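# Descriptive structure summary
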Amino acid sequence: MDDYVTLVSESTLLDEEGMQPLRKQLLESALRYYEEFGQQQTDDPTLLAELAATHYRIAMTQVAMGSTDWVAEATTDQTLEILDRLLEDSADMSFWANSTSGVFAFHHVGNVVYEDADDALNALKRGIQVFGELAKANPETVGFQHDLAASHFMAGNILQLTQQWEPAIAQLQQARRIWESFLRADGATPEIAGRLADTYRFLTESLLGTGRTDDRRQVYLEGIATLRAAYGDEQPEVAHLLRLAPTKSKLEYETNLRESITIYEKALSQNVDSPRSAPEIRWNLSRARLFLGRLLRDTGRVDEGESEILKAKQLAQVLVDQNPSNRVYRSSLADSGMSLGIVYEVRGRVDEARQEYLQSQAILELLIAEDPTTPEYHRMMRTIAKRRGKSKSA
């Protein structure tokens, strides 16, 4: 059943347009199974351990179905109470020795939304204590280390979202330390790459919040070096960090973007095992090409810039065609079209520029109607209005 939930919750096919109702139906079926099992009463340590895992998996299944209230008393508290009981009774935990995912069994730790940050943080602090004791008492069970790292990561995520920068940094560094230890122990799975990339990213954002820009750059460089040492250039997570890393020169930025494009393209062409889906990789490739195109345009290499931006727009168009309701993809398409319009305007191709601006404007008008609170949509609309006004006056 755990493999079934993982397959359903992470399947990219079930994220395609029109497949979401089936995905929800399959997850609801799994949820009913877990809830029925969770009703059992037992004193058997093995079954108690399974009950603890079941309660957490109820929460994680609810997350996969879109719930933000994953720390509800009926799930997380019951899990921790059972684990406390097992610890107090010094129960034999050897049956979990082969577990690699732990009690959490939660793969995409970076995607959780917290309905009540205080409740979530309190639950995670308690989880850190319990999983820390479990990991210390059962060092052979790597799953407990994953649980501890995930609890630190998610606590850091909450603290970052509430702008408690220093406590966030402390929690994220703990998660980083644990997950990097798996790489040193030859545990370089794609899942660890994804977890570490998310950890580096949130850690750098927290460092930026404190104004420690040099430390932020250093964490990116260390993260890139760590993932490259473990995976070479096989993992899209390496490209992700390269694309986002702050640089000290335009040449360094261009080099990073070109390297990230190469890695993304290789991942797509060779179907590399990755924690990110093919559409996610394609979207990141589109963004890398767009940023490279803008850099080339702004440094006088307009022909090359136009080529890269056009490729970025084509990638974004494919994503929108496959996922027409996805706002991120539609916003990227509008962004690429606007950038292409600027290139055409620079080259004196006014009619083509106007067409690109009008197409991007139409996309943005729909996005703003659906979600008027996103600043990026309004920023792009202002840029288009300014460029169109400039073209008319010329």
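Use the structure listed above.
Residues numbered from 1 in each chain as written. Predicted model: local features only at pLDDT ≥ 70, side-chain atom pairs only at ≥ 80, totals over all residues. Heavy atoms only, no water.

Glancing now at the overall build of the protein chain. Of regular secondary structure, the protein chain possesses 16 helices and zero strands. Out of the 394 residues in the protein chain, the part that is buried amounts to 49%. Put simply, of all contacts in the protein chain between residues at least 6 apart along the chain, 66% involve residues at least 24 apart. Working note: accessible area of the protein chain is about 18,400 Å², and carbon and sulfur atoms make up 49% of it. (Helix = DSSP H or I, 4+ residues; strand = E, 2+ residues; numbered from the N terminus. Buried < 20%, exposed > 50% of the residue type's maximum accessible area, 1.4 Å probe, protein only. Contact = heavy atoms within 4.5 Å. Areas by Shrake-Rupley, 256 points an atom, 1.4 Å probe, with all protein chains shown as cover.)

Let's shift gears to the side chain of Q160. In this fold, Q160 is placed in helix α6 (residues 142–161). What makes Q160 buried here is its relative accessible area of 8%.

A separate point is the packing of aromatic side chains. Taken as a whole and judged by the stated rule, the model has two aromatic pairs. Taking the centre distance of 6.2 Å and the plane angle of 55 degrees together, the rings of F153 and W179 count as tilted. A residue pair is termed long-range when its members are at least 10 positions apart, and F153 in helix α6 and W179 in helix α7 (residues 165–184) qualify at 26 residues. Like W179, F153 is buried. Here the aromatic rings of F153 and F202 are separated by 5.3 Å at their centres, their planes lie at 65 degrees, and the arrangement is edge-to-face. Residue F153 is found in helix α6, and its partner F202 is found in helix α8 (residues 190–209); the two are separated by 49 residues along the sequence. F153 sits in the buried class, given a relative accessible area of 0%. By the ring-pair criterion, three or more aromatic residues cluster together here, those being F153, W179 and F202. For the cation-ring pair, R201 lies above F202, with the distance from its terminal atom to the ring centre recorded as 4.7 Å. (Phe/Tyr/Trp six-rings, centres within 6.5 Å; stacked < 30°, edge-to-face > 60°. Lys NZ or Arg CZ within 6 Å of the ring centre and 35° of its normal.)

In total, this model carries 28 salt bridges according to the counting rule given. Among the ionic pairs, E180 bridges to R176, the shortest N-O distance being 3.1 Å. Placement of the pair is E180 and R176 together in helix α7, with a separation of four residues, close to one helical turn. Overall, E180 belongs to the buried group, its relative accessible area being 13%. Two residues, E376 and R379, come together in a salt bridge whose shortest N-O distance is 2.6 Å. Here R379 and E376 lie together in helix α16 (residues 375–393), a separation of three residues that amounts to about one turn. For E376, a relative accessible area of 34% puts it in the partly exposed group. Exposure remark for R379: the relative accessible area of 32% places this residue in the partly exposed category. A cluster of three or more residues bridged by salt bridges with shared partners is formed by D303, E306, R347, R349 and E352. (Salt bridge = Lys/Arg side-chain N within 4 Å of Asp/Glu carboxyl O.)

Take unusual backbone geometry next. Even without being glycine, Q163 reaches a positive phi, approximately 60 degrees. Position of Q163 relative to the elements: it lies in the loop between α6 and α7. For Q163, a relative accessible area of 57% corresponds to the exposed category.

Let us now look at helix α12 (residues 278–298). Over its 21 residues, α12 runs 30 Å from end to end, which matches the ideal 30 Å to within 8%, given 1.5 Å per residue. Counting buried positions over the 21 residues of α12 gives 15, a clear majority of the element. (Expected span 1.5 Å × (residues − 1).)

Mapped onto the fold, S286 is located in helix α12. In this structure S286 comes out as buried when scored by relative accessible area, which is 1%. Contacts of S286, omitting those with residues within four sequence positions, involve A312, L315, A316 and S336.

We now examine the layout of surface pockets. There is about 190 Å³ of room inside the second largest pocket. As for the second largest pocket, its lining consists of W283, R287, V328, S331, S332, D335, E376 and M380. Breaking the lining of the second largest pocket down by element, the ones donating at least two residues are α12, α14 (327–346) and α16. Counting residues per element, the lining of the second largest pocket draws most heavily on α14, at four residues. In terms of residue class, the lining of the second largest pocket is made up of three nonpolar, two polar and three charged. (1 Å grid on protein atoms, 1.4 Å probe; cavity = no way out; pocket = protein on both sides within 12 Å on 5 of 7 lines; lining within 4 Å. Points joined across faces, edges and corners; volume = space filled by probe spheres on them. Nonpolar A, V, L, I, M, F, W, Y, C, P; charged D, E, K, R; others polar.)

Looking at where S360 falls in the secondary structure, it is placed in helix α15 (residues 350–370). Under the relative-accessibility criterion, S360 is labelled buried at 2%. Once the C-alpha coordinates of S360 and S339 are considered, the two residues, 21 residues apart in sequence, prove to be 9.6 Å apart. Beyond its immediate sequence surroundings of up to four residues, S360 is in contact with L333, A334, G337, M338 and I384.

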